[in-house]
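Residue strings, one per chain:
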Amino acid sequence: MKKNKLAIILVSVVALLAVVLFVCSFFMLKQAKKTKEEAKQMTLEALDETREEGKASDSQVVEPTETQDSVIAFEDADDNIFIIEEANIRTEPSTDAQVIETAPKSKLFKRTGISADWSRLEYNGQTCYVSNDLISTEMPEEAVNGELLENGTGDAGVAEQTSGKIVVIDPGHQGHGDSGQEPIGPGASETKPRVSSGTSGSVSGLDEYELNLIVSLQLRDELQSRGYTVYMTRETHDVSMSNKERADYAASVGGDVFVRIHANGSEDSSVSGALTMAPSDGNPFLSSDLITQSQALSQCVIDSYVAATGFNNQGVYMTDDMSGINWCSMPVTIVEMGYMSSPSDDAAMADPSMQVNMVDGIANGIDQYFASQAG
Ligand SMILES: [Zn+2]
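Residues numbered from 1 in each chain as written. Predicted model: local features only at pLDDT ≥ 70, side-chain atom pairs only at ≥ 80, totals over all residues.

A. Just helix α6 (residues 288-309), in detail. Between its terminal C-alpha atoms α6 stretches 32 Å, which fits the 32 Å expected from 22 residues at 1.5 Å a residue. Listed in full, the buried residues belonging to α6 are Ile291, Gln293, Ser294, Leu297, Ser298, Cys300, Val301, Ile302, Ser304, Tyr305 and Thr309. Close packing links the buried residues of α6 with β12 (257-264), β13 (274-278), β14 (313-318), β15 (332-339) and α9 (352-374). Looking one or two places after α6, you find Gly310, whose phi comes out positive at around 80°. (Helix = DSSP H or I, 4+ residues; strand = E, 2+ residues; numbered from the N terminus. Expected span 1.5 Å × (residues − 1). Buried ≥ 20, exposed ≤ 12 C-beta atoms within 10 Å, placed from the backbone. Contact = placed C-beta atoms within 7 Å.)

B. Summary view of the sheet that holds β14. Within the open sheet, the six strands sit side by side as β11-β8-β12-β15-β13-β14. Their pairing is mixed. Each edge of the open sheet is held by one strand with a lone partner, namely β11 (229-232) and β14. Averaged over neighbouring strand pairs, the angle between their axes works out to 20° when direction is ignored. Two strands pair when backbone bridges link them, and β13 and β14 are joined in this way by four bridges, in the parallel orientation. For Ala274, the partnering residue across the bridge sits in β14 and is Asn313. In the packing of helix α4 (residues 208-225) onto the sheet, the strands contacted are β8 (166-171), β11, β12 and β15, and the crossing angle to β12 comes to about 145°. (Pairing = 2+ DSSP bridges. Axes fitted to C-alpha atoms, helices over the stretch in contact; angles between N-to-C directions.)

C. Region of interest: the confidence of the model for the chain. Here the chain shows a mean pLDDT of 82. Residues at 70 or above account for 77%. Counted against residues more than four places away or in other chains, residues 46-69, with its pLDDT under 50, gives zero contacts. Contacts from residues 142-159, a stretch scored under 50 in pLDDT, to residues over four places away or in other chains number 28 contacts. (pLDDT = per-residue confidence, 0-100.)

D. Region of interest: α4. With 18 residues, α4 should cover 26 Å at 1.5 Å per step; its first-to-last C-alpha distance of 26 Å lies within 8% of that length. Within α4 the residues assigned to the buried category are Glu208, Tyr209, Leu211, Asn212, Leu213, Val215, Ser216, Leu219 and Leu223. In this structure, the buried side of α4 is in contact with β8, β11, β12, β15, α8 (343-349) and α9. Just past α4, the residue Gly227 takes up positive phi, approximately 100°.

E. Just the environment of Gln126, in detail. The residue Gln126 is located in strand β6 (residues 126-131) in this model. Overall, Gln126 belongs to the exposed group, with 10 C-beta atoms counted inside 10 Å. Along the chain, Gln126 and Ile100 lie 26 residues apart, while their C-alpha atoms are 9.9 Å from each other.

F. The pairing of β13, seen in detail. By the criterion of burial, β13 is predominantly enclosed, with five of the five residues buried. The parallel pair β13 and β14, bridged by α6, forms a crossover whose chirality is right-handed. Pairing geometry for β13 and β15, over three bridges, is antiparallel. Each residue of the ladder has a partner; that of Thr276, found in β15, is Val335. (Right-handed = clockwise from strand over helix to strand, strands pointing away.)

G. Here's a closer look at unusual backbone geometry. For His173, which is not glycine, the phi dihedral falls at a positive 65°. Residue placement: His173 occurs in the loop between β8 and β9 (178-183).

H. Fine view of the pairing of strand β1 (residues 75-83). As judged from the six bridges shared by β1 and strand β4 (residues 108-114), these two strands associate in the antiparallel manner. Bridge assignment links Asp76 to a residue of β4, and that residue is Gly113. Pairing of β1 with strand β7 (residues 135-136) involves two bridges; the strand directions are antiparallel. Residue Phe82 lies in a different strand from β7, and its bridge partner there is Ser136.

Take a look at the structure:
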């Protein structure tokens, strides 16, 4: 019986221990589960945060990429712009981009596109860009004076005569004529095409607008080497500028004379020679002073031109039908360098060695005109 009692006690102790163990393990398991859930929760939260951070960093990366990499949106444009202060013309729409040229005030460019900050230009067959802060679609009003020469740079003798003198050269016509009409002078009811397409060479294969620019660019260089300040209405074929607008441009840059470079054409291929054009005494659009000075300029230029080239002298042709003369506010001449319809004139004008003489002759005439006005 004593043995039985001992067994009962032992069983009770074991049972009690089992209960304690069970309870303990129950709580331990519960705790473990809780910890595990907490851990899982933390992991999930951490994952969420990572995802959100991921999103945030994605967007931070994406947005600047869109700004930097995507091409700046340019809307198409088709107009002319003028440089209002010295401006860098660049290969890309960025101030980090390579500078093609530093363009002077008043220089004219053809614009093909526009964005918020930049304008896209066509220049010498190249696409380039300029900041919108440095340009205007209006011609600059204030004239640029020949300050460059006042500090006595260059040949003193030449500078004395040409100092401060501004020659504006208009290479006649452009790549495409413009048959839109404009009045032939201030207040005129008669209209003419804004700019005609010009003639073309019978043997040279050149179009007149090409020959005019070839000679005008050399004339620009020659006049600059003689100390003049020179402006060009165009330095490419790809412009749209009416004859009135060319005269306005000459005024806007403060020109002292306006020299318009053209070549002639006739149905008779045997007609040859050079002439200049000036307004007649009765021109209703110009002051008598401007008429007289334009006639004097035209006479000086034609005489010097034929002396330098040996072309036939057809003299000064008086006309009041030329928009680019009638709208002018300074002495003006049109140089008809020769007849592109004449095989001999055309071949001569296309010859670079003759072009040197042609340019020399025109420049000599301009020198003589200023000398005569000074005296
Ligand atoms: Zn012409």
